[in-house]
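# Fold and contact review
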Amino acid sequence: MLEKTTQNSQQENFVIQCQNLHRIYNDASGMPISVLQDINLCIKPAEMIAITGASGSGKTTLLQLLGGLDKPTQGEVFIDGANPNKISDNELSKLRNQKLGFVYQFHHLIPEISALENVSMPLFIAGINRSEALDRGKKILQEVGLSTREHHKPAKLSGGERQRVAIARAVINKPLCLLADEPTGNLDHHNAKKIIELIIEFNTAYGMSVLLNTHDETLANKMHKVLSLQSAKLVTT
Ligand SMILES: Nc1ncnc2c1ncn2[C@@H]1O[C@H](COP(=O)(O)OP(=O)(O)O)[C@@H](O)[C@H]1O
Ligand SMILES: [Mg+2]
């Protein structure tokens, strides 16, 4: 089990929490741009939250900070009570592997290996033996309706199928929270609907929290709460 390095009774109740989060980037000429200012957000167990906002409003930046993939300029993030910026790289990798699932707009599957090996990858990384990992991989592929595609490499799958593989990979470890960055942004309406249904099914089945960035109102409105990034601040819509 992963040690919780920073925690108190309040943080215990949240899957992910951030306090007073700021992120400043430097633009091409070295000028600072304040992309996020004083962001405070708590994600409860099994809660589903959508973050909307214009392109360039900081949605991806926020998701990366909350997933421990980037460091805030100021403020703190807690993932299941642990501060990702105060633990070693090794502990952070473990934290992400065990507690979080990530889905991106472009699937980010490994092109050289099959759908089954792609979905089983988080289990390989966690050190689970190969045959057990592949068995669990087969089960999760079945849950996303892709049993017949186990041995297909990503290039032989449709866009919608690739994204279902990406969701299966993200949830195979039964994460506390799924972080999804415009997961339907690259799909037609029919495939987007299937992805939404799957996310909600896994939320119901596993009690997994969901934080997703989207431009898609249909998707946003299926979440319990919709927040919007406007002028670097997070506001309730
Ligand atoms: N690594 C970076 N260096 C400098 N500027 C960045 C970097 N990443 C993002 N930005 C800038 O931060 C702003 C927010 O980007 P992003 O979080 O990707 O927004 P969104 O996901 O809402 O489109 C944009 O103006 C973008 O150009
Ligand atoms: Mg983005």
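These remarks concern the structure in this document. (Residues numbered from 1 in each chain as written. Chains lettered and ligands numbered in written order. Predicted model: local features only at pLDDT ≥ 70, side-chain atom pairs only at ≥ 80, totals over all residues. Heavy atoms only, no water.)

## A few points about the pairing of strand β3 (residues 48-52)
A regular strand places its side chains on the two faces of the sheet in alternate fashion. Among the five residues of β3, five are classified as buried, and the element is accordingly described as predominantly covered. On β3, burial covers both faces: M48, A50 and T52 on one face and I49 and I51 on the other are all buried. Note that β3 and strand β7 (residues 209-213) share four bridges and pair parallel. Opposite I51, over in β7, you have N213 as the bridge partner. (Buried < 20%, exposed > 50% of the residue type's maximum accessible area, 1.4 Å probe, protein only. Helix = DSSP H or I, 4+ residues; strand = E, 2+ residues; numbered from the N terminus. Pairing = 2+ DSSP bridges.)

## A few points about the site of ligand 1
Residues in contact with ligand 1, as listed here, are Y25, N26, V35, A54, S55, G56, S57, G58, K59, T60 and T61. A distance of 3.1 Å separates an oxygen atom of ligand 1 from a polar atom in the backbone of G58. Here an oxygen atom of ligand 1 sits 2.9 Å away from a polar atom, N or O, in the side chain of K59. When ligand 1 is considered free in solution it has 570 Å² of accessible area, and contact with the protein chains removes 59% of it. Considering each element in turn, the shell around ligand 1 owes the most residues, three residues, to helix α2 (residues 59-66). A breakdown of the residues in the shell around ligand 1 according to their chemical character gives three nonpolar, seven polar and one charged. (Near = heavy atom within 4 Å. Polar contact = N/O pair within 3.5 Å; in protein donor to acceptor, adjacent residues only side chain to side chain. Areas by Shrake-Rupley, 256 points an atom, 1.4 Å probe, with all protein chains shown as cover. Nonpolar A, V, L, I, M, F, W, Y, C, P; charged D, E, K, R; others polar.)

## Some details on the sheet that holds strand β2 (residues 32-43)
Taking strand neighbours across the sheet as the criterion, the three strands line up as β2-β1-β4 in an open arrangement whose pairing is antiparallel. Only two strands of the sheet have a single partner each, and these edge strands are β2 and β4 (74-79). In this sheet, neighbouring strand axes are inclined to one another by 25 degrees on average, regardless of whether the strands run parallel or antiparallel. Packing of α2 onto the sheet brings it into contact with β1 (16-26), β2 and β4, and relative to β1 it is tilted by some 125 degrees. (Axes fitted to C-alpha atoms, helices over the stretch in contact; angles between N-to-C directions. Contact = heavy atoms within 4.5 Å.)

## Points about the pattern of salt bridges
Across all of its chains, the model carries nine salt bridges by this definition. K225 is paired through a salt bridge with E47; the nearest N and O atoms lie 3.6 Å apart. With a gap of 178 residues between them, K225 in strand β8 (residues 225-230) and E47 in the loop between β2 and β3 connect regions that are remote in the sequence. Measuring nitrogen to oxygen at the nearest pair gives 3.1 Å for the salt bridge that ties E117 to R130. In this pair, E117 is assigned in helix α4 (residues 115-125) and R130 in helix α5 (residues 130-143), connecting sequence segments 13 residues apart. On the basis of relative accessible area, E117 is assigned to the partly exposed category, the value being 23%. On the accessibility criterion, R130 (45% relative accessible area) is partly exposed. (Salt bridge = Lys/Arg side-chain N within 4 Å of Asp/Glu carboxyl O.)

## Quick word on the sheet that holds β7
Spatially, six strands are ordered β5-β6-β7-β3-β8-β9 in an open sheet, and the strand pairing comes out mixed. Each having just a single partner strand, β5 (100-103) and β9 (233-236) make up the two edges of the open sheet. Strand after strand, the sheet turns through a mean of 20 degrees between neighbouring axes, direction not considered. Sheet topology places strand β6 (residues 177-181) next to β7; five bridges connect them, and they run parallel. Counted as the bridge partner of C177 is S209 from β7. In the packing of helix α6 (residues 159-171) onto the sheet, the strands contacted are β5 and β6, and the crossing angle to β5 comes to about 165 degrees. Helix α7 (residues 189-206) contacts β3, β6 and β7 of the sheet and is inclined by roughly 155 degrees relative to β7.

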